[in-house]
Amino acid sequence: MHSAQDPFYIVKEEIQDSIDKLQTSFHQWEQAPSNSREFTNLTKELIASSESIEWQVDELDKAISVAARDPTRYAIDEVELEKRKRWTSTARNQVSTVRKAVKSSHNGMRQELMRLPNDHAHQAGRSNQYISEDNDDFISSENDRQLLLIRQQDEELDELSASVERIGGVGLTIHEELMGQEKILDDLGLEMETTSNRLDFVQKKVAMVMKKAGVKGQLMLILFLIVLFIILFVLVFFT
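Every chain is numbered on its own, with residues counted from 1 as its sequence reads. Totals for whole chains, interfaces and linings use all residues, but because this is a predicted model, local features are given only for residues with pLDDT of at least 70 and pairs of side-chain atoms are given and counted only at 80 or more. The side-chain quantities take in all heavy atoms of the structure and omit both hydrogens and water.

Draft legend 1. Layout of the overall build of the protein. The numbering of helices and of strands both runs from the N terminus, where a helix is a DSSP run of H or I of at least 4 residues and a strand a run of E of at least 2. Scanning the protein from N- to C-terminus turns up 4 helices and 0 strands. Along its sequence from the N terminus, the protein presents helices and strands in the succession α-α-α-α. Each residue is assigned to one of three classes by its accessible area relative to the maximum for its type, calculated with a 1.4 Å probe on protein chains only: buried under 20%, partly exposed between the two thresholds, exposed over 50%. In the protein, which comprises 239 residues, the proportion classed as buried is 20%. The contact definition used throughout considers only heavy atoms, calling two residues in contact when any of these lie within 4.5 Å. The contacts in the protein between residues at least 6 apart in sequence include a share of 71% that link residues at least 24 apart. Counting only carbon and sulfur atoms, one obtains 59% of the accessible surface of the protein, whose full area is about 17800 Å². Methods summary: accessible areas were calculated by the Shrake-Rupley approach with a probe of 1.4 Å, and residue burial reflects only the protein chains presented.

Structure follows, in structure tokens:
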């Protein structure tokens with residue numbers, strides 16, 4: 001499934017658009033004066049966007065890993081899987097480069113603000129306010145990410161619970177089948193025991209008849225049985 005309807009390519013296109021916008025904002029950030037309001041706003045925007053895009057790429061990478069476990073189910077070959085993995089790796093590197101550059105500059109600004117003399121305390125206070133706002137945005141982004149992860153874990157637990165229920169149903173069916181087989185074996189054992197008792201009874205009766213009949217009677221009985229065997233043999237094989 002490599003068409004435009006493939007969810008991977010739909011998500012990929014959205015992430016690529018976000019990466020393009022991120023790089024455009026990054027170029028504006030590089031050209032903006034470091035002490036300007038525009039620079040501060042772009043810094044916050046770039047950090048939040050890069051965090052969001054990295055999370056989206058991670059989720060897409062997880063989906064690729066799931067498809068890699070059973071490629072035939074998703075109609076994906078190894079070449080396509082490798083192509084998708086390379087794209088997510090490239091996208092992650094692009095976003096990571098922007099995030100590291102922005103955070104490095106951001107941390108450098110914080111260190112410079114901490115070294116400011118007392119007569120610049122007011123300006124430092126304003127910068128600290130921007131940093132505080134940035135931290136609040138970052139915390140909010142992290143909270144949203146945690147909520148999404150918790151929601152995903154809940155969905156995975158629901159799927160696991162459904163799988164356990166299915167396995168339990170299969171186990172119950174096997175148990176019922178084994179119980180039925182055990183009952184059949186018990187009935188068969190009972191029938192064999194009954195037949196064995198009847199055979200013992202017949203043997204005892206025959207022994208008693210033979211004993212009462214004497215030698216002459218035994219010979220007559222043997223002769224009768226031989227004649228009966230010959231008659232049955234002829235009936236079975238010649239008719």
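And the narrative resumes.
Draft legend 2. Spotlight on the confidence of the model for the protein. pLDDT expresses how confident the predictor is about each individual residue, on a scale running from 0 to 100. Per-residue confidence for the protein gives a mean pLDDT of 77, with 76% of residues at or over 70. Predicted confidence for residues 116–122 stays below pLDDT 50, and this span has 1 contact to residues more than four positions away or in other chains.

Draft legend 3. Summary view of the UniProt feature "transmembrane region" (unreviewed entry) in the protein. UniProt positions are given in the numbering used here, feature names are shortened, and annotations may be inferred rather than shown by experiment. With numbering aligned to this structure, UniProt lists the feature "transmembrane region" (unreviewed entry) at residues 219–238. With 100% helix and 0% strand, residues 219–238 has its two end C-alpha atoms placed 28 Å apart.

Draft legend 4. Layout of helix H1 (residues 7–31). Each helix should span, by expectation, one fewer than its residue count multiplied by 1.5 Å. With 25 residues, H1 should reach 36 Å at 1.5 Å per residue; the first-to-last C-alpha distance of 37 Å fits that figure. Looking only at H1, the buried set comprises Phe 8, Tyr 9, Ile 15, Ile 19, Leu 22, Ser 25, Phe 26 and Trp 29.

Draft legend 5. Quick look at the pattern of salt bridges. The working definition used for a salt bridge is a side-chain nitrogen of Lys or Arg within 4 Å of a carboxyl oxygen of Asp or Glu. Applying the stated criterion across every chain, the model contains 6 salt bridges. Its salt-bridge partner being Arg 99, residue Glu 54 comes within 3.0 Å of it at the nearest N-O pair. You can see Glu 54 sitting in helix H2 (residues 37–69) and its partner Arg 99 sitting in helix H3 (residues 78–114), a full 45 residues away along the chain. When sorted by exposure, Glu 54 lands in the same class as Arg 99, which is buried.

Draft legend 6. Broad picture of a negative patch on the surface. Taken together, the side chains of Asp 154, Glu 155, Glu 156, Asp 158 and Glu 159 make up a negatively charged region of the molecular surface. Tracing the backbone through its elements, the reader meets Glu 156 in helix H4 (residues 121–238). Surface patches are drawn from residues lacking salt bridges whose relative accessible area is over 30%; two like charges belong together within 9 Å, two nonpolar side chains (Val, Leu, Ile, Met, Phe, Trp, Tyr) within 5 Å. Positive residues here are Lys and Arg, negative ones are Asp and Glu, while His and the chain termini are left out of the count. Where a charge lies is defined by one atom per residue type, namely NZ (Lys), CZ (Arg), CG (Asp) and CD (Glu).

Draft legend 7. The nonpolar core, seen in detail. Ile 15, Trp 29, Leu 46, Ile 53 and Val 102 are the most contacted members of the largest nonpolar core, which has 24 residues in total. Going through the elements one at a time, H1, H2 and H3 are the ones with two or more residues in this core. No other element matches H2, which puts 9 residues into this core. Aside from chain neighbours lying at most four places away, what touches Ile 53 is Ile 15, Ser 18, Ile 19, Leu 22 and Val 95. We define a nonpolar core as any set of buried Ala, Val, Leu, Ile, Met, Phe, Trp, Tyr and Cys residues linked to one another through side-chain atoms lying within 4.5 Å.

Draft legend 8. Geometry of the packing of H1 against H2. Where H1 meets H2, the axes come as close as 10 Å, and the angle between the chain directions of the two elements is 155°. In terms of orientation, H1 lies roughly antiparallel with respect to H2. H2 is crossed by H1, and the crossing has left-handed handedness. On H2, the residues that touch Phe 8, Val 11, Ile 15, Ser 18, Ile 19, Leu 22, Ser 25, Phe 26, Gln 28 and Trp 29 of H1 are Phe 39, Leu 42, Thr 43, Glu 45, Leu 46, Ser 49, Ser 50, Ile 53, Gln 56, Val 57, Leu 60 and Ile 64. Polar here means any residue other than Ala, Val, Leu, Ile, Met, Phe, Trp, Tyr, Cys and Pro, which are nonpolar, and Asp, Glu, Lys and Arg, which are charged; Gly is therefore polar. Among the residues forming the contact of H1 with H2, the class breakdown is 14 nonpolar, 7 polar and 1 charged. All axes here are fitted lines through C-alpha atoms, helices being fitted over the stretch that makes contact, and every angle between N-to-C directions spans 0 to 180 degrees. Here the angle decides the label: under 35 degrees means roughly parallel, over 145 means roughly antiparallel, 65 to 115 means roughly perpendicular, and every other value means oblique. Put simply, a crossing is left-handed when the front helix is turned counterclockwise from the back one by less than a right angle, and right-handed when it is turned clockwise.

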